[in-house]
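Each chain is listed here by its residues.
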Amino acid sequence: MLDTIMKTKVFGWVDRRLGLEAIIKSQLTEYPAPKNLNWMWVFGALAMTVLMLQVITGIFLAMYYKPSAMLTDGGFSVAFDSVERIMRDVNFGWLIRYMHAVGASFFFLVVYIHMGRGMYYGSYKEPRELIWIVGVVILLIMQGAAFFGYLLPWGQMSFWGATVITNLFGAIPVLGEYIGQILMGGFSVGDPTLNRFFSLHYLFPLLLVAIVGGHIHALHTVHSNNPDGIDLDQHDPKNVVTFHPYVTMKDAFAVSVFLLFYSYVVFFNPQMGGYFIEVDNYVPANNLQTPAHIAPVWYLTPWYTILRSFEVKLVGIAAMGASLAILFVYPFLDRSKVRSARYRPMYQGMVIMFFIDVIVLGYCGHSAPTETLKLVGQIATAYYFVFFLALPFLPMIEKTRPLPEGV
Amino acid sequence: MNMKSMLLGLVAATSMMVSTQVLASGGDMHLKHAEINVADQEQLLRGLTVFTDVCMGCHSAKYVTYKGLMDYPELGISREMADELRGDKALTSGMTTDLSPEDAKESYGKVPPDLSLIVPGRRGGADYIYSLLTGYTHDPAGKVADGNYNEVFPGHLIAMPDPLSWLDHDEADTADLEKQANDVSAFLAFIGDPHQNERRAIGGYVMGFLLLLALVLFLLKREIWKDVH
Ligand code: HEM
């Protein structure tokens, strides 16, 4: 079909002015992809799909949403009322809202698996360091966007979650208080906070779109890694398939399977038992009444546990910052020449432990704190850092397995 | 171990954690199970009556309008009934109580919460509402006045005075009171998310379509990849 379109006069006219054919060839029909990529390589395309869904549903929500904390009858607010208007009175508003709210959780789910894939197969290593580093920037912006977005319904969790996090900044010496006030637009979370969070919540995903462009550009410069983590001659048809139609069809199938899971949740279980939309967020924000248990949504809980693992608040903040910052230097900490965990017995064990570790961190961060959980969280926090800090020394003791010659 | 079995392991581990978590959040209070069906028109209408006759003495459901009561096919009340219920309020007005917040504060010490979102907004949902309405007992410690002690309310001391007169009711009335509690729980569960029946119905078609789409795309992918080895 693409061929037929490319032969038309209109296409020719555009092509002479934009060089479209060259782009289509180099990026799609002749762009090489290793033919041994497994299903873990579809998650980038899935992340792109959810990003698009979030942007589109978000644009429609913004047509009805009103960022105002002004009180209305019954202890509600203009913002909360507008969300309920969307849920009840706007045609298919419930669908758009649930798609957006559930989409946030799926976005993180997909991106975490995408990152796990990169960690397992060594996709962050030379020459793909920048793909990874740009990815970490993406992750930070995603977390920011989710944090800003969570305030918008102005429910109890919105309000208290934002209060806890913005107060953290206050603990940073010298500039902390100032940063906190800039974020909140005042001395506490209130109407000005809601307005600026809405503005930033709209901005961040658009930044994401641009940065994802850079992510893909970096990828297309160095080409995809593969499950064996070996260097492949990208011009040898023995090693590669063309992106279109091979990878596009594989991705399309993956997207349809993804949509099955996503739609199941959207249509049959949108709150996901309080994990995707928290129970307390159906209660309007009340600055005089703290909820019994404040916890961030599941996808931020691993970092919340790291924060809470230290008695001194400032140390906790530093540790949380470090746990994200260390991701930037991960490609340089790992000095093994072998990429894929398939051929790195020690690394394989360590990285699987790391995945379990992050789930444990998430579990601890979600639950009401107890002494045992605190200890478990501290051990998990320790392993989180040990994993990265042990990497430079690993090649000294790790005996890697022989790499295969080709695919 | 390859990535696939690893992922499966992770999923299993996570779901175990999630299920213990869900059990844990039920916590110390044992909720009774509410017999509700948010698609059962008769139950919803009975629940509506309990709501307007009993609950609305103090509570509002401001997001539910009288017009909404007519428009939601699950309720589908007539214009006459809507007129009767709304009195001199506008058809597009929310179902708001005539008790002013000031008077409520004076009588009960608190403003009763709006009930539009009470089911999604409480752990245990409709089960919690049902258990609460049938949870008035005498304080075992004998401190809290009768009518202010509730088994399932967090802290047990509740400002709402036993709305269905559950405490010390006649044995013969038990079934009727339980029915009222169930019906109003069903109504509240319905108005918490009034498009839920429509959502599930559409969801069935969406899943069906996506299954077909996935099948077609799977075959297409297999066809295209068949000569790649
Ligand atoms: C909005 C979020 C993101 C989108 C839309 C996205 C998109 C993509 C796409 C389409 C690919 C190529 C297909 C694939 O390998 O799956 C890719 C590759 C990659 N991404 Fe992402 N990505 C996102 C976030 C991240 C993050 C947060 C990281 C890591 C911190 C990351 C690291 C990588 C790496 C290392 C590769 C190369 C994989 C390889 O060649 O083996 N990405 N990304």
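Residues numbered from 1 in each chain as written. Chains lettered and ligands numbered in written order. Predicted model: local features only at pLDDT ≥ 70, side-chain atom pairs only at ≥ 80, totals over all residues.

(A) Region of interest: the packing of helix α4 (residues 43–62) of chain A against helix α6 (residues 93–121) of chain A. Residues and elements named next belong to chain A. Between α4 and α6, the shortest axis-to-axis distance is 9 Å and the interhelical angle comes to 155°. Of the possible angle classes, the one that applies to α4 and α6 is roughly antiparallel. α4 and α6 meet at a crossing whose hand is left-handed. Facing F43, G44, L46, A47, V50, L51, L53, Q54, T57, G58, F60 and L61 of α4, the residues of α6 in contact are I96, R97, M99, H100, G103, F106, F107, V110, V111, I113, H114 and R117. Taken together, the residues of the contact of α4 with α6 break down into 15 nonpolar, seven polar and two charged. (Axes fitted to C-alpha atoms, helices over the stretch in contact; angles between N-to-C directions. Helix = DSSP H or I, 4+ residues; strand = E, 2+ residues; numbered from the N terminus. Parallel < 35°, antiparallel > 145°, perpendicular 65-115°, else oblique. Left-handed = near helix turned anticlockwise from the far one by under 90°. Contact = placed C-beta atoms within 7 Å. Nonpolar A, V, L, I, M, F, W, Y, C, P; charged D, E, K, R; others polar.)

(B) Structural context of α6 of chain A. Residues and elements named next belong to chain A. Relative to the 42 Å expected for 29 residues at 1.5 Å per residue, α6 spans 41 Å between its end C-alpha atoms, a close match to the ideal helical length. Among the 29 residues of α6, 25 are classified as buried, and the element is accordingly described as predominantly covered. After α6 finishes, the residue G122 shows a positive phi value of roughly 70°. (Expected span 1.5 Å × (residues − 1). Buried ≥ 20, exposed ≤ 12 C-beta atoms within 10 Å, placed from the backbone.)

(C) Molecular detail of the interface of chain B and chain A. Each side of the interface is counted separately: chain B has 37 residues, and chain A has 36 residues. Put simply, the parts of the chain that give the side of chain B that touches chain A at least two residues each are α1 (3–26), β1 (61–65) and α8 (196–225) of chain B. Partitioning the side of chain B that touches chain A into residue classes produces 24 nonpolar, six polar and seven charged.

(D) Fine view of the site of the ligand. In the region of the ligand, 28 residues are neighbours, and G44, S123, G135, S224 and N225 of chain A sit closest. At the level of elements, α4, α6, α7 (129–151) and α10 (191–222) of chain A are the ones that each hand at least two residues to the shell around the ligand. (Near = placed C-beta within 6 Å.)

(E) Here's a closer look at the packing of helix α14 (residues 345–366) of chain A against helix α15 (residues 371–390) of chain A. Residues and elements named next belong to chain A. Across the interface, α14 lies against α15 with an axial gap of 9 Å and an inter-helix angle of 145°. As for how α14 packs across α15, the hand of that crossing is left-handed. Judged by residue contacts, M350, M353, F354, D357, V360, L361 and C364 of α14 engage L373, V376, G377, A380, T381, Y383, Y384 and F387 from α15. In terms of residue class, the contact of α14 with α15 is built from twelve nonpolar, two polar and one charged.

(F) Structural context of the environment of F92 of chain A. The residue F92 of chain A is located in the loop between α5 (78–88) and α6 in this model. As for F92 of chain A and D231 of chain A, which are separated by 139 residues in sequence, their C-alpha atoms are 49 Å apart.

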